[in-house]
Amino acid sequence: MYRISKNLEFDFSLPFEARSEADTFTYGPGSAELALGYRVLDAPDGSWLPSIGFAPQISLPSVSSQYGIGSSHLRGYFPVIFEKSFGKWSLIGNIAYGLNPGADNRDYVYVGQAISREVTDHLSLGLNAYYQSATSRTTPETAGLEFGGKYKLADKQHLYFSVGRAFLNASQTNQFRSYLGYQIVF
């Protein structure tokens with residue numbers, strides 16, 4: 001992530017993904033993502049108003065899409081993010097529209113709400129509940145819970161992690177999922 005100004009940041013992600021289905025395990029580079037986040041409203045301290053931001057993202061086609069990792073199409077994700085902190089607690093809401101081109105794919109809606117707490121100066125933990133409409137003709141809508149956190153390794157280096165599962169259409173969407181990410185802030 002590169003912070004351009006107090007209210008504007010640029011993010012580039014190159015995920016490494018692994019996928020397990022039936023008796024097959026595949027892994028490789030996922031779809032590279034470019035995002036530009038802009039805080040539209042920076043709520044003052046003491047106000048009950050949340051900060052509001054917009055963070056459009058594009059995902060580039062993946063070289064591993066033939067193995068079911070990433071996408072073979074350029075995709076877009078357009079979230080509006082609401083955030084409010086109360087001391088060591090934070091609430092973050094996300095309402096997004098996803099453009100998902102391709103044969104049998106569908107554009108979709110994502111709604112998520114997370115709560116997190118700063119446990120120590122280096123560790124924050126949280127819980128995220130989400131709903132996502134169908135992303136293709138064969139993948140139904142889903143909803144689930146994830147537990148995760150952020151560990152501050154150094155001043156500008158962070159480790160992100162989460163585990164979770166769907167409780168709506170889990171057998172067709174995700175019985176279990178996990179995430180591990182490393183971030184450098186410039």
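What you are looking at is a predicted structure, and each value in this text was computed from that prediction instead of being measured.

A closer look at the overall build of the protein chain
For the protein chain, the helix and strand inventory stands at zero helices and 14 strands. The secondary structure elements of the protein chain, listed N-terminal to C-terminal, are β-β-β-β-β-β-β-β-β-β-β-β-β-β. When the backbone C-alpha atoms are referred to their principal axes, the protein chain occupies close to 50 × 30 × 30 Å. For the protein chain, the proportion of its 186 residues judged to be buried stands at 29%. The contacts in the protein chain between residues at least 6 apart in sequence include a share of 39% that link residues at least 24 apart. Taken as a whole, the protein chain presents about 11800 Å² of accessible surface, with 60% of it coming from carbon and sulfur. Here the protein chain contributes 15 positively and 16 negatively charged side chains, and the mean placements of these two sets differ by 4 Å.

Details of the pattern of salt bridges
Applying the stated criterion across every chain, the model contains five salt bridges. For D42, the salt bridge is made with K6, and the minimal N-O distance between the two is 2.9 Å. Within this pair, whereas D42 is found in the loop between strand 5 (33–41) and strand 6 (51–54), its partner K6 is found in the loop between strand 1 (2–5) and strand 2 (8–13), the two being separated by 36 residues in sequence. Looking at K6, the relative accessible area reads 59%, which means it is exposed. Between R137 and D104 there is a salt bridge, with its nearest N and O atoms 3.7 Å apart. Placement of R137 in the loop between strand 11 (123–132) and strand 12 (142–154) and of D104 in the loop between strand 9 (89–99) and strand 10 (108–118) is noted, with a sequence separation of 33 residues between them. One continuous salt-bridge network, built from bridges that share partners, spans K6, R39 and D42.

Observations regarding the side chain of N94
By the element assignment, N94 lies in strand 9. N94 gets classed as buried once you look at its relative accessible area, which sits at 19%.

A closer look at the environment of Y108
Among the structural elements, Y108 can be located in strand 10. Looking at Y108, the relative accessible area reads 15%, which means it is buried. Linking Y108 and E141, residues 33 residues apart in sequence, is a C-alpha distance of 9.0 Å. In this structure, Y108 is in contact with Y77, A96, Y97, G98, N100, Q132, S133, A134 and T135, ignoring residues within four places of it in sequence.

A word on the packing of aromatic side chains
Inspection of the entire model under this criterion finds three aromatic pairs. Residue placement shows K84 over the ring face of F86; its charged tip is 5.9 Å from the ring centre.

Here's the deal with the pairing of strand 5
Pairing analysis gives six bridges linking strand 2 to strand 5, with the strands arranged antiparallel. If you follow F12 over to strand 5, its bridge partner there is L34. The sheet contact formed by strand 5 and strand 6 spans three bridges and is antiparallel. Looking at the pairing, R39 lines up with G53 of strand 6.

Structural notes on unusual backbone geometry
Although it is not a glycine, D104 sits at a positive phi angle of roughly 70°. Accessibility expressed as a relative area gives 44% for D104, which makes it partly exposed. One non-glycine residue, N169, adopts positive backbone phi at about 55°. You can see N169 is positioned in the loop between strand 13 (157–168) and strand 14 (177–184). Since its relative accessible area comes to 27%, N169 is described here as partly exposed.

Considering the environment of F176
Tracing the backbone through its elements, the reader meets F176 in the loop between strand 13 and strand 14. With 127 residues separating them along the chain, F176 and L49 place their C-alpha atoms 35 Å apart. The residues touching F176, leaving out its near neighbours within four places in the chain, are V163, G164 and R165.

Quick notes on the rules
Residues numbered from 1 in each chain as written. Predicted model: local features only at pLDDT ≥ 70, side-chain atom pairs only at ≥ 80, totals over all residues. Heavy atoms only, no water. Helix = DSSP H or I, 4+ residues; strand = E, 2+ residues; numbered from the N terminus. Buried < 20%, exposed > 50% of the residue type's maximum accessible area, 1.4 Å probe, protein only. Contact = heavy atoms within 4.5 Å. Areas by Shrake-Rupley, 256 points an atom, 1.4 Å probe, with all protein chains shown as cover. Lys, Arg positive; Asp, Glu negative; His and termini not counted. Charge placed at Lys NZ, Arg CZ, Asp CG, Glu CD. Salt bridge = Lys/Arg side-chain N within 4 Å of Asp/Glu carboxyl O. Phe/Tyr/Trp six-rings, centres within 6.5 Å; stacked < 30°, edge-to-face > 60°. Lys NZ or Arg CZ within 6 Å of the ring centre and 35° of its normal. Pairing = 2+ DSSP bridges.

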